[in-house]
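Here is how the chains run, residue by residue.
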Amino acid sequence: MNSNDFVTAWTEVRQQTPTRRSVLRLLGGGAIGAALLKVGAGNVAAACKKVGAKCDKKDRCCDGATCRRGKCTCKQGQQACNGVCRNLAADSNNCGKCGFKCGEGETCASGFCARAFGRPGAGEGQFTNAHGVATDTDGNIYVADTLNRRVQMFDRNGAFRRAFATFGSQDGEFDSPFDLAVAGNGDIYVADTGNNRIQQFDNAGSHIRSWGSFGSGAGQFNSPQGIDVLGNTVVVVDTNNHRIQRFSATGFFLQQFGRRGSGNGKFETPRGVALDANRNIHVADTFNDRVQVFTATGRFIRAWGRRGSGRGDLHEPFGIAVDRDNNVLVVDSRNNRVQQFTATGKFTLALGRVGVDLGQFSNPAGVAVDGRGAISVADVSNARIQRFTLSRKAAE
């Protein structure tokens, strides 16, 4: 190719979209040009290296991976799913683990499939300082709508089913109910905090019985704020008496234990209680910033927690629940998160931080876990309930 031919070819390439013929002409034509074009195209579209493959600085890794220490590795915050890097904390098709797809109406938030329902107000499905949450054997969600002085019931997806009770001190009426629990037969037990009593209803919301009055004697209460039920046992957090009381399912007084203090078996304004399958009693000892565990008869077993914001630390724990695997879920209220511990108090995961998005909280209070492992949290200042499906063990 002489100089005039090269100028002519280069002008053709600049003035029009390059064609195979023009490029071949520029490269010298014929078999030599075709061979050069093939080599060039191969370099441009060279196959990238998949996650896990060996690599060096000259190689390009696929799908957001980077070559690190001679191997294509997913970037921070991502994980390999079938050879492709995914953000498992935000990918609804791989939420928390590969192939775990969130259901309809759910969003992947911090590795959990999440949904929320509720807003401020007094109408159906609205809340005013709702603190307590419980679930029944069908996964229905019950909410102690504290300052609306009522109980609301929703299906597992958050669709409103019904509400019952109103403000007052007569049977079937409430004054600032803080917590509730659902028995295996569907009966609903409510800590009617402002009336210093416990009320029992059937699953349709009809009143069965009430017991308790203001005081510090056996069977009396001073602002009861936590309750749980298992079989024939009802356990109540008698908050301002700094103790736990235990009753039969029909309200017959059985036992009390605890007093004000910071030692083992003593409490400072406790607010949450949960029974495990062995009827051990787990107490959110709120202003001692810890969890205490007792046998069914009130004998101290262990305690864990200290004030702080690190993993496993607690700052005014409120609600507490035990799942089917004996994991203990604690609402770490001032840290605006839920933490999970083993039965012996070892930290395993944390969910949430302060905010208004899914997976974030503002003054959370109650927590419940259903038979499928789904967690429901009363997100008080955001006037909603958040429901999470755990698909993995996750950290903050």
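About the criteria used
- Residues numbered from 1 in each chain as written.
- Predicted model: local features only at pLDDT ≥ 70, side-chain atom pairs only at ≥ 80, totals over all residues.
- Heavy atoms only, no water.
- Helix = DSSP H or I, 4+ residues; strand = E, 2+ residues; numbered from the N terminus.
- Buried < 20%, exposed > 50% of the residue type's maximum accessible area, 1.4 Å probe, protein only.
- Contact = heavy atoms within 4.5 Å.
- Areas by Shrake-Rupley, 256 points an atom, 1.4 Å probe, with all protein chains shown as cover.
- Pairing = 2+ DSSP bridges.
- Axes fitted to C-alpha atoms, helices over the stretch in contact; angles between N-to-C directions.
- Salt bridge = Lys/Arg side-chain N within 4 Å of Asp/Glu carboxyl O.
- Core = buried A, V, L, I, M, F, W, Y, C linked by side-chain atoms within 4.5 Å.
- 1 Å grid on protein atoms, 1.4 Å probe; cavity = no way out; pocket = protein on both sides within 12 Å on 5 of 7 lines; lining within 4 Å.
- Points joined across faces, edges and corners; volume = space filled by probe spheres on them.
- Nonpolar A, V, L, I, M, F, W, Y, C, P; charged D, E, K, R; others polar.
- pLDDT = per-residue confidence, 0-100.
- Phe/Tyr/Trp six-rings, centres within 6.5 Å; stacked < 30°, edge-to-face > 60°.

### Quick word on the overall build of the protein chain
Point 1. Each helix and strand in the protein chain was counted, giving three helices and 29 strands.
Point 2. Expressed as a percentage of the 396 residues in the protein chain, the buried residues total 51%.
Point 3. Of the contacts made within the protein chain by residues no fewer than 6 positions apart, 40% connect residues no fewer than 24 positions apart.
Point 4. Total accessible area on the protein chain stands at roughly 18500 Å², and carbon and sulfur atoms take up 46% of it.

### Considerations on the sheet that holds strand S9 (residues 150-154)
Picture the strands of a sheet paired through backbone hydrogen bonds; they go either parallel or antiparallel.
Point 1. Strands sit in the order S7-S8-S9-S10 across an open sheet of four strands; the sheet is antiparallel. Since the sheet does not close on itself, it has two edges, and those belong to strand S7 (132-135) and strand S10 (160-164), each with one partner. Here the strands of the sheet are splayed against their neighbours by 20 degrees on average, with no regard to which way each runs.
Point 2. Pairing analysis gives five bridges linking strand S8 (residues 141-145) to S9, with the strands arranged antiparallel. The residue of S9 that forms the bridge with Asp145 is Arg150.

### Some remarks on the pattern of salt bridges
Point 1. The final tally for this structure, using the stated rule, is 15 salt bridges.
Point 2. Close ionic contact of Asp379 with Arg384 constitutes a salt bridge, the shortest N to O distance being 2.7 Å. Residue Asp379 shares its accessibility class with Arg384, and that shared class is buried.
Point 3. In the salt-bridge network here, residues are joined through shared partners; they are Glu106, Arg156, Asp370 and Arg387.

### Quick word on the environment of Trp211
Point 1. Residue position: Trp211 is located in strand S14 (residues 207-211).
Point 2. Distance from Trp211 to Gln200, taken between C-alpha atoms, is 8.8 Å for residues 11 residues apart in sequence.
Point 3. Apart from the residues lying within four places of it in its own chain, the contact partners of Trp211 are Tyr189, Arg197, Ile198, Gln200, Phe221, Val234, Phe247, Ser248, Ala249, Thr250 and Gly251.

### Considerations on the nonpolar core
Point 1. Among the nonpolar cores identified, the biggest contains 15 residues, and Val338, Val367, Ile375, Val377 and Phe388 are the most heavily contacted of them.
Point 2. Where this core is concerned, the elements lending two or more residues are strand S6 (112-117), strand S24 (328-332), strand S26 (347-351), strand S27 (364-369) and strand S28 (375-379).
Point 3. In this structure Phe388 touches Phe112, Cys113, Ala114, Leu351, Gly359, Phe361, Gly373, Ala374, Ile375 and Val377, once residues within four positions along its chain are discounted.
Point 4. Core analysis: the second largest hydrophobic core is formed by 13 residues, Ala181, Ala183, Trp211 and Val229 among them.

### Thoughts on the environment of Cys55
Point 1. Position of Cys55 among the secondary structure elements: in the loop between helix H3 (30-44) and strand S1 (65-68).
Point 2. The class of Cys55 is buried, set by a relative accessible area of 11%.
Point 3. C-alpha of Cys55 to C-alpha of Cys72: the two residues are 17 residues apart in sequence and 6.2 Å apart in space.
Point 4. Dropping the residues within four chain positions of it, Cys55 is found in contact with Lys49, Cys61, Cys67, Arg68, Gly70, Lys71 and Cys72.

### Observations regarding the layout of surface pockets
Point 1. The space that makes up the largest pocket amounts to roughly 820 Å³.
Point 2. If you list the elements that add at least two residues to the lining of the largest pocket, you get S7, strand S11 (179-182), strand S15 (224-230), strand S19 (272-275), strand S23 (317-322) and S27.
Point 3. Tallied by class, the residues present in the lining of the largest pocket amount to 21 nonpolar, 12 polar and eight charged.

### Thoughts on the pairing of S23
Point 1. S23 sits mainly inside the fold: six of its six residues count as buried.
Point 2. The turn joining S23 and S24, which pair antiparallel and follow one another in sequence, is formed by five residues; a positive phi near 65 degrees is taken by Asn326.

### Topic: the environment of Val273
Point 1. One can find Val273 in strand S19.
Point 2. For Val273 and Gly319, which are 46 residues apart along the polypeptide, the C-alpha to C-alpha distance reads 7.2 Å.

### Considerations on the side chain of Thr295
Point 1. Residue placement: Thr295 occurs in the loop between strand S21 (290-294) and strand S22 (300-304).
Point 2. Contacts of Thr295, omitting those with residues within four sequence positions, involve Arg279, Asn280, Ile281 and Ile301.

### Considerations on the sheet that holds strand S17 (residues 243-248)
Point 1. The four strands are arranged S15-S16-S17-S18 in an open sheet whose pairing can be described as antiparallel. The sheet terminates laterally at S15 and strand S18 (253-257), the two strands that pair on one side only. Adjacent strand axes in the sheet meet at a mean angle of 20 degrees, parallel and antiparallel pairs treated alike.
Point 2. Looking at chain direction, S15 and strand S16 (residues 233-238) are connected through six bridges and run antiparallel.

### Remarks on the confidence of the model for the protein chain
Point 1. When pLDDT is averaged across the protein chain, the result is 88; 87% of the residues are at 70 or more.
Point 2. Under a pLDDT of 50 for its full length, residues 6-45 has, in the predicted model, 25 contacts with residues more than four places off or in other chains.
Point 3. Confidence drops under a pLDDT of 50 for residues 392-396, and excluding neighbours within four residues, the segment shows 18 contacts in the predicted structure.

### Notes on the packing of aromatic side chains
Point 1. By the definition in use, this model includes 16 aromatic pairs.
Point 2. Their ring planes at 65 degrees and their centres at 6.0 Å tell us that Phe361 and Phe388 sit as a pair that is edge-to-face. Placement of Phe361 in the loop between S26 and S27 and of Phe388 in strand S29 (residues 384-390) is noted, with a sequence separation of 27 residues between them.
Point 3. By relative accessible area, which is 0% here, Phe361 ends up buried.
Point 4. For Phe388, a relative accessible area of 0% corresponds to the buried category.
Point 5. An aromatic cluster is defined as three or more aromatic residues linked by ring pairs; in this entry it consists of Tyr189, Trp211, Phe221, Phe247 and Phe253.

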